[in-house]
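Examining the three-dimensional arrangement
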Amino acid sequence: MKKKLLAMLLLSAMLLSAFAGCSEGGENTDETTAADPSTPAAEETVVEEEEDTLESAAAQYADRDYGGYEYRVADRGDPGTYADWQTFDVYAAEQTGEIINDAVYQRNTTLEETMNIKIAERPFTHGEVTNSVKNSIMASSDDYDVFTDGLSTMAPLVSQNYILDLRTIDTLKFDNAWWDQMIYKDLSIMNKSFFMTGDLSVMDNYGTWCYLFNKTMIADFGLENPYELVDSGKWTIDKHNEMASAATVDLDGDGAWTMADSYGYITETYNNMAMWNCFGYRLVTKDADDVPTYTYNGEEQITALQKIIETQFSPFTNMGSGSTVTGGGGLTENTRENQFAIGRALFYYAGLRNVTLYRDSDTDFGIIPSPKYKEEQEQYYSSYSYANCTAYAMPVTVADTAKIGDITEAMAHLSVYTLTPAYYDKTLIGKSTRDQESAPMLDLILATRNYDLGNIFAWGGVSSAIYSMSDPNTVASSLQKLEKAANKVLQRFIDDLSEMEP
């Protein structure tokens, strides 16, 4: 679903471009003539395409027989003490009636029967997956076929030569629609790809950032309709701040800012970077040879970041007001999630994970993308949690990469007809959203993610410095101090990657 969406948006862009080209020059020339009404119209030929199904997709892999091979996937499947981002899209032991669980079970069962394999989850708690895989690689032990973890957690394994360049595996066909083309393009380095995701996972969607807004507060404070603002291109940071300021009220009049009060904007320090990416900026861009270089320190980028710091620490936010609402993680006292759930926050900027979290909340909310910097910005962008937006990687210890690539390709393909509709159509749209307007907004959010290598790899600590910024007056000097060291670290990474065997 999310990959088809990208194709639809690209198609729409091409069509608009074509219409624009046809209208250039304004007036018709003598060479342009109207169709002769006396000429019979050509008969329209309708070609009916057979609709793809899970069965027809599986049939494409029916000639494989991997002799009962155990396909081993390491993931965050053990909730431990950090269950918020537990992986739930890799394995299902049985059907339970829960939509996503049963979709995973159906996909895996079909895959196992078609290719004669057995899917074996290796569940770890949050923070243990990549370390366990790394230890296995260092011991030259072939314990895992693929693993999935947060992007920034897996990133150090690239320069250590612990994970494979997925482009070298012929059985992985990344031009297929079930692979995320944005990650493939944005996160490649020197024409190598180490991470991929797509329809085989929904955890990347869970970690995608969006704006939730309280529809009741919009009405009570007489504010503009956020959906209309987005559609008109007028949903900007200035409009956001104007509305957030109007909705901030010390409801109990005690002069202290707590959960008892009304906030215009609930946020966290990470959103310094998230919002900046949504203004269309990246810490790192790539040249014609796909080599990354730091480009964050221009005057325009710094001015935009200063605007964001001002917003993040304005009196209408939980951070700027010095509120006790600072935590995160669930619907408990003083958490960001709970402040929105109880209906006392106009805007909340966080992951799509929270859309399903609020399924039982009484708060009537809508979903929109992060605001633009200015109306002139050509499009909206979305960001995500680099620690919790997960992807797949393959250890260098894998003995038969062609086989593992083939199984992974099939798993992603079958997910189009199982996992994706279960998550997107039935869970996200069907059960979690509150209105029809949210659906096209979700389409827009998922199709416009702005992946930033500089944030994922954190060369030289630039991203960490931005997370911790709270004073707009120190932005320029702080970034300039980091520039020399950050470029040195990045160059060392490039040199290390260049020396690796192809």
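Described below are features of the structure shown in this document. All of these numbers come straight from a predicted model, not from anything done at the bench. (Residues numbered from 1 in each chain as written. Predicted model: local features only at pLDDT ≥ 70, side-chain atom pairs only at ≥ 80, totals over all residues. Heavy atoms only, no water.)

1. Quick word on the pattern of salt bridges
Inspection of the entire model under this criterion finds 17 salt bridges. With a closest N to O distance of 2.8 Å, Arg 64 and Asp 63 form a salt bridge. Within this structure, Asp 63, Arg 64 and Asp 406 form a network of salt bridges that share partners. (Salt bridge = Lys/Arg side-chain N within 4 Å of Asp/Glu carboxyl O.)

2. Here's the deal with the pairing of strand β4 (residues 209–214)
Extensive coverage of β4 is indicated by the burial of six of its six residues. Across five bridges, β4 lies against strand β8 (residues 345–351) in antiparallel orientation. Looking at the pairing, Leu 212 lines up with Tyr 348 of β8. By the bridge criterion, four bridges tie β4 to strand β9 (residues 365–368) in an arrangement that is antiparallel. By the bridge assignment, Phe 213 is partnered in β9 with Gly 366. (Buried < 20%, exposed > 50% of the residue type's maximum accessible area, 1.4 Å probe, protein only. Helix = DSSP H or I, 4+ residues; strand = E, 2+ residues; numbered from the N terminus. Pairing = 2+ DSSP bridges.)

3. A short note on unusual backbone geometry
At Ser 140, a residue that is not glycine, the phi angle is positive and equals roughly 55°. In this fold, Ser 140 is placed in the loop between α4 (129–138) and β3 (146–150). Despite not being glycine, Asp 290 has its phi angle at roughly 65°, a positive value. Looking at the element boundaries, Asp 290 is found in the loop between β6 (284–286) and β7 (292–294).

4. A look at empty space enclosed by the protein
Here the structure, examined in full by the defined rule, presents two cavities of 30 Å³ or more. Considered as a void within the structure, the largest cavity measures approximately 70 Å³ in volume. Around the largest cavity, the lining residues are Val 146, Leu 166, Leu 172, Phe 174, Trp 179, Met 196, Tyr 392, Ala 393, Met 394 and Thr 408. Its residues assigned to classes, the lining of the largest cavity shows nine nonpolar, one polar and no charged. (1 Å grid on protein atoms, 1.4 Å probe; cavity = no way out; pocket = protein on both sides within 12 Å on 5 of 7 lines; lining within 4 Å. Points joined across faces, edges and corners; volume = space filled by probe spheres on them. Nonpolar A, V, L, I, M, F, W, Y, C, P; charged D, E, K, R; others polar.)

5. Looking at the sheet that holds strand β2 (residues 117–123)
Strand order across the open sheet formed by four strands is β2-β1-β3-β10, with mixed pairing between neighbours. Strands with a single pairing partner mark the edges of an open sheet, and in this sheet they are β2 and β10 (390–393). Within the sheet, the average angular offset between the axes of one strand and its neighbour, ignoring direction, is 20°. In this structure, β3 lies alongside β10, joined through four bridges in antiparallel fashion. Each bridged residue has a counterpart across the sheet, and for Gly 150 the counterpart in β10 is Thr 390. Where α4 meets the sheet, its contacts fall on β1 (69–75) and β3, and the angle it forms with β3 comes to roughly 140°. (Axes fitted to C-alpha atoms, helices over the stretch in contact; angles between N-to-C directions. Contact = heavy atoms within 4.5 Å.)

6. Observations regarding the packing of helix α12 (residues 271–278) against helix α13 (residues 299–312)
At a minimum axis distance of 10 Å, the contact between α12 and α13 shows a crossing angle of 130°. By the angle class used here, α12 and α13 are oblique. The handedness of the crossing between α12 and α13 comes out as right-handed. Note on element contacts: α13 touches α12 through Gln 301, Ala 304, Leu 305, Ile 308, Ile 309 and Gln 312, opposite Asn 271, Asn 272, Met 275 and Trp 276. (Parallel < 35°, antiparallel > 145°, perpendicular 65-115°, else oblique. Left-handed = near helix turned anticlockwise from the far one by under 90°.)

7. Notes on helix α16 (residues 401–415)
An ideal rise of 1.5 Å per residue puts 21 Å on 15 residues; α16 measures up with 21 Å between its terminal C-alpha atoms. With respect to burial, α16 is a largely interior element, 13 of its 15 residues being buried. (Expected span 1.5 Å × (residues − 1).)

8. Remarks on the side chain of Thr 110
Within the secondary structure, Thr 110 sits in helix α3 (residues 99–115). Its relative accessible area of 17% is what places Thr 110 among the buried residues. From its side chain, Thr 110 meets the backbone oxygen of Gln 106 in a polar contact 2.8 Å long. With sequence-adjacent residues up to four places away left out, Thr 110 is seen in contact with Leu 54, Ala 58 and Leu 414. (Polar contact = N/O pair within 3.5 Å; in protein donor to acceptor, adjacent residues only side chain to side chain.)

9. Overview of the side chain of Gln 377
Looking at the element boundaries, Gln 377 is found in the loop between β9 and β10. What makes Gln 377 buried here is its relative accessible area of 12%. Separated by 2.8 Å, the side chain of Gln 377 and the backbone oxygen of Gln 379 make a polar contact. Residues in contact with Gln 377, not counting those within four places in the same chain, are Cys 278, Phe 279, Gly 280 and Lys 372.

10. Observations concerning the nonpolar core
Grouped together as the largest cluster of nonpolar side chains are 147 residues, with contacts concentrated most on Tyr 71, Phe 195 and Phe 457. Element by element, the count of residues in this core is highest for helix α21 (residues 475–499), at seven residues. What Phe 195 contacts, discounting residues up to four positions off in sequence, is Leu 151, Met 154, Ala 155, Val 158, Ile 163, Leu 166, Ile 183, Ala 391, Tyr 392, Ala 393 and Phe 457. (Core = buried A, V, L, I, M, F, W, Y, C linked by side-chain atoms within 4.5 Å.)

11. Observations regarding the sheet that holds β8
Pairing is mixed across the open sheet formed by four strands, whose spatial order is β5-β8-β4-β9. Each edge of the open sheet carries a strand with a single partner, namely β5 (263–266) and β9. Here the average twist between neighbouring strands, direction ignored, is 20°. Two elements, β5 and β8, share three bridges in a ladder whose sense is parallel. Bridge pairing in β8 places Ile 266 opposite Tyr 348. This element, helix α11 (residues 237–246), spans β4, β5 and β8 of the sheet and lies at about 130° to β8.

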